[in-house]
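Each chain, letter by letter, is given below.
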Amino acid sequence: MSSVTYDHVVKRYTSDLTVVKDFNVEIADKEFMVLVGPSGCGKSTALRMLAGLETITEGQIRIGDRVVNHVAAKDRDIAMVFQSYALYPHMSVFDNMAFPLQMKKMSRSEIDKRVKQASGILGLDNFLKRKPKALSGGQRQRVALGRAIVRNPKVFLLDEPLSNLDAKLRGQTRVELQKLHRDLETTFIYVTHDQVEAMTMGDRIAIMNAGILQQVGAPGEIYDHPANLFVAGFIGTPTMNFVPVTMENGNAKASGFDVKLPKPVGADKGILGFRPEALTDRIQDDGSTLEIKVEVVERLGSDQFLYGTAGEDTITARVDPRMKVAPGDRARLGLDLRGIHLFDSQTEKALL
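What counts, and where the lines are drawn
Every chain begins its residue count from 1, and numbering advances along the sequence as written. Local features in a predicted model are, by the rule used here, given only for residues with pLDDT of at least 70; side-chain atom pairs are given and counted only at 80 or more, and totals for whole chains, interfaces and linings are based on all residues. As a convention, hydrogens and water are excluded, and side-chain values are obtained from all of the structure's heavy atoms. Within this scheme, the nonpolar core is defined by two criteria: the residues are buried Ala, Val, Leu, Ile, Met, Phe, Trp, Tyr or Cys, and they are joined through side-chain atoms within 4.5 Å. Here the term buried applies to any residue with accessible area under 20% of the maximum for its type, exposed to any over 50%, and partly exposed to those in between, with areas from a 1.4 Å probe on protein chains only. Only heavy atoms matter for contacts: two residues are in contact if any of them lie within 4.5 Å across the pair. A run of DSSP states H or I qualifies as a helix once it reaches four residues; a run of E qualifies as a strand once it reaches two. Both are numbered from the N-terminal end. In the sections that follow, a salt bridge refers to a side-chain nitrogen of Lys or Arg positioned within 4 Å of a carboxyl oxygen of Asp or Glu. In this description, strands pair whenever DSSP reports at least two bridges between them. Where helices are involved, their axes are fitted lines through C-alpha atoms of the stretch in contact, as for all axes, and angles between N-to-C directions lie from 0 to 180°. Any Phe, Tyr or Trp ring, taking Trp's six-membered ring, that has another such ring centre within 6.5 Å forms a pair; planes under 30 degrees apart are called stacked, those over 60 apart edge-to-face, and the others tilted. Residue ranges labeled as domains rest on an automatic or database domain assignment. What gets called buried area is simply the loss in accessible area from a 1.4 Å probe that two parts show on being joined, summed for both. Only Asp, Glu, Lys and Arg are considered charged, only Ala, Val, Leu, Ile, Met, Phe, Trp, Tyr, Cys and Pro nonpolar, and every remaining residue, Gly among them, polar.

Points about the nonpolar core
Thought 1: Counting residues in each nonpolar core, the largest one holds 42 residues, and the members touching the most others are Met97, Val115, Leu158, Leu177 and Tyr190.
Thought 2: When near neighbours in sequence (up to four residues on either side) are disregarded, methionine 97 contacts Val115, Ala118, Ser119, Leu124, Leu128, Val143, Gly146, Arg147 and Val150.

Quick notes on unusual backbone geometry
Thought 1: A cis geometry characterises the amide bond from threonine 237 onward to proline 238, with omega recorded as -10°.
Thought 2: Position of proline 238 among the secondary structure elements: in the loop between α8 (229-234) and β11 (241-248).
Thought 3: Even without glycine at this site, lysine 30 takes up a positive phi of about 70°.
Thought 4: Checked against the element boundaries, lysine 30 lands in the loop between β2 (17-27) and β3 (32-36).
Thought 5: Overall, the relative accessible area of 42% leaves lysine 30 in the partly exposed class.
Thought 6: For aspartate 77, which is not glycine, the phi dihedral falls at a positive 60°.
Thought 7: Along the chain, the position of aspartate 77 falls in the loop between β5 (66-67) and β6 (78-81).
Thought 8: Its relative accessible area of 30% is what places aspartate 77 among the partly exposed residues.

Some details on the pattern of salt bridges
Thought 1: Taken as a whole, this structure holds 13 salt bridges when the rule is applied.
Thought 2: Here arginine 12 ties to glutamate 58 by a salt bridge, and the two come within 3.2 Å at their closest N and O atoms. Of this pair, arginine 12 sits in strand β1 (residues 4-14) while glutamate 58 sits in strand β4 (residues 58-63), and the two are 46 residues apart along the sequence.
Thought 3: Residues arginine 108 and aspartate 112 are paired through a salt bridge, measuring 3.6 Å at the closest nitrogen-oxygen approach. Of this pair, arginine 108 and aspartate 112 both sit in helix α3 (residues 108-122), four residues apart, which is roughly one turn of the helix.
Thought 4: Take arginine 108: its relative accessible area is 51%, and that puts it in the exposed class.
Thought 5: Here the residues in one salt-bridge network are Lys11, Arg48 and Glu54, joined through shared partners.

Topic: the sheet that holds β4
Pairing between sheet strands relies on hydrogen bonds along the backbone, with the strands arranged either parallel or antiparallel.
Thought 1: With antiparallel pairing, the four strands of this open sheet are ordered in space as β2-β1-β4-β5. Either end of the sheet is taken by a strand with one partner, and the two such strands are β2 and β5.
Thought 2: Here helix α1 (residues 43-51) sits on the sheet and contacts β1, β2 and β4; the angle it forms with β1, its principal contact strand, is near 110°.

Notes on the packing of aromatic side chains
Thought 1: If you walk through the whole model with that rule in mind, you get eight aromatic pairs.
Thought 2: With a centroid separation of 5.4 Å and 40° between ring planes, the pair formed by phenylalanine 32 and phenylalanine 188 is classed as tilted. Placement of the pair is phenylalanine 32 in strand β3 and phenylalanine 188 in strand β8 (residues 187-192), with a sequence separation of 156 residues.
Thought 3: Overall, phenylalanine 188 belongs to the buried group, its relative accessible area being 1%.
Thought 4: With a centroid separation of 6.2 Å and an interplanar angle of 80°, the aromatic rings of phenylalanine 257 and phenylalanine 274 are classed as edge-to-face.

Topic: α1
Thought 1: Extensive coverage of α1 is indicated by the burial of seven of its nine residues.
Thought 2: Inspection of α1 places Lys43, Thr45, Ala46, Leu47, Met49, Leu50 and Ala51 among the buried residues, and these make up the whole buried set.
Thought 3: Just beyond α1, the residue with positive phi is glycine 52, at close to 90°.

Digging into the pairing of strand β9 (residues 204-209)
Thought 1: Bridging between β3 and β9 involves four bridges; their strand directions are parallel. Bridge pairing in β9 links valine 34 to isoleucine 205.
Thought 2: Sheet analysis places β9 next to strand β10 (residues 212-217), joined by five bridges and oriented antiparallel. Residue pairing across strands places isoleucine 205 opposite glycine 217, the latter belonging to β10.
Thought 3: In this antiparallel pair of consecutive strands, β9 and β10, the connection spans two residues, and alanine 210 shows a positive phi of 55°.

Focus: the domain arrangement of the chain
One frequent convention defines the size of an interface as the accessible area lost when the parts assemble.
Thought 1: Entries for the chain in the domain assignment read domain 1 (4-232) and domain 2 (237-343).
Thought 2: Computed over C-alpha atoms, the centres of domain 1 and domain 2 are 39 Å apart.
Thought 3: At the junction of the two partners, domain 1 supplies seven residues and domain 2 supplies eight residues.
Thought 4: At the boundary of domain 1 with domain 2, total buried surface from both sides reaches about 730 Å², with 55% on carbon and sulfur atoms.
Thought 5: The largest share of the area that domain 1 buries against domain 2 comes from Tyr223, Leu229 and Ala232, three residues that together contribute 71% of it.
Thought 6: Across the contact surface, domain 1 and domain 2 share zero salt bridges.
Thought 7: At the level of elements, α7 (219-224) and α8 are the ones that each hand at least two residues to the side of domain 1 that touches domain 2.
Thought 8: Residues of the side of domain 1 that touches domain 2, tallied by class, amount to four nonpolar, two polar and one charged.

In structure tokens, the structure reads:
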């Protein structure tokens, strides 16, 4: 079993600096779990504690049924891929991939077999004699992955492995990593600050902020049902619209429009949230509409984004690219009530 459990894990450097706070996550065998959040949120520290590169202040980490708090990193049967690749510049691709097996004093024939298997999976057969300086960034990343694969670990740990690649290569490598996960049938734990990577790659996502776990769930669940204001704003591009509202007779009243709430809420004030795609040039049957003064039109071929204001509030809308609209226009848009969210003004937790 290569499941991983974080059980009330805390990482404290000083009495005034706690970077991971009461972290609880269960990661299933063969699952692709993504830890995501802004820089400094504690996600890499959580990964490094699992790897044995950071000590654990409180709580337990288990790999399968084995508590690994005091197990040396080399004895945890995990492999880690770093953002910097961490390749030996004086060694060939073959030797870089073979190095961890040589340290285990494996036979030459077994080392050759494993390296060639990994290079075949990663498309590196023609590069085995090259040095890292003769490789592109994407090829170096694949060598770093190959060095992890040859070990046949129980768990793969990947710490922002795509951040040094250009946008096109990041997209290609995301696909390659998902295929690799399916082929190897091993647990992957992946750290990133990029919510696009998290949404497209993870079986589940664990979102962190300021050392605190905010929500864990499948990408679609988190996108459609964010637990709080932070999650709602962090996931999704462009970000969700947030509008202060007061509640009157079952309606949420903003400065420039009203919305009929699907059910009563026990609050007088709140923050209404809706994603740009909840606004459309098609007027809804229930009459939920708002008018925005368009300030910027962004055309992306398959999408068209309108940036403007409704009353005192800034609004972003994702509309049909064939809709004819220009800066300075007033656009009347329908609001799909299935896509609205309401958050408590004080706790920032979801009310709907």
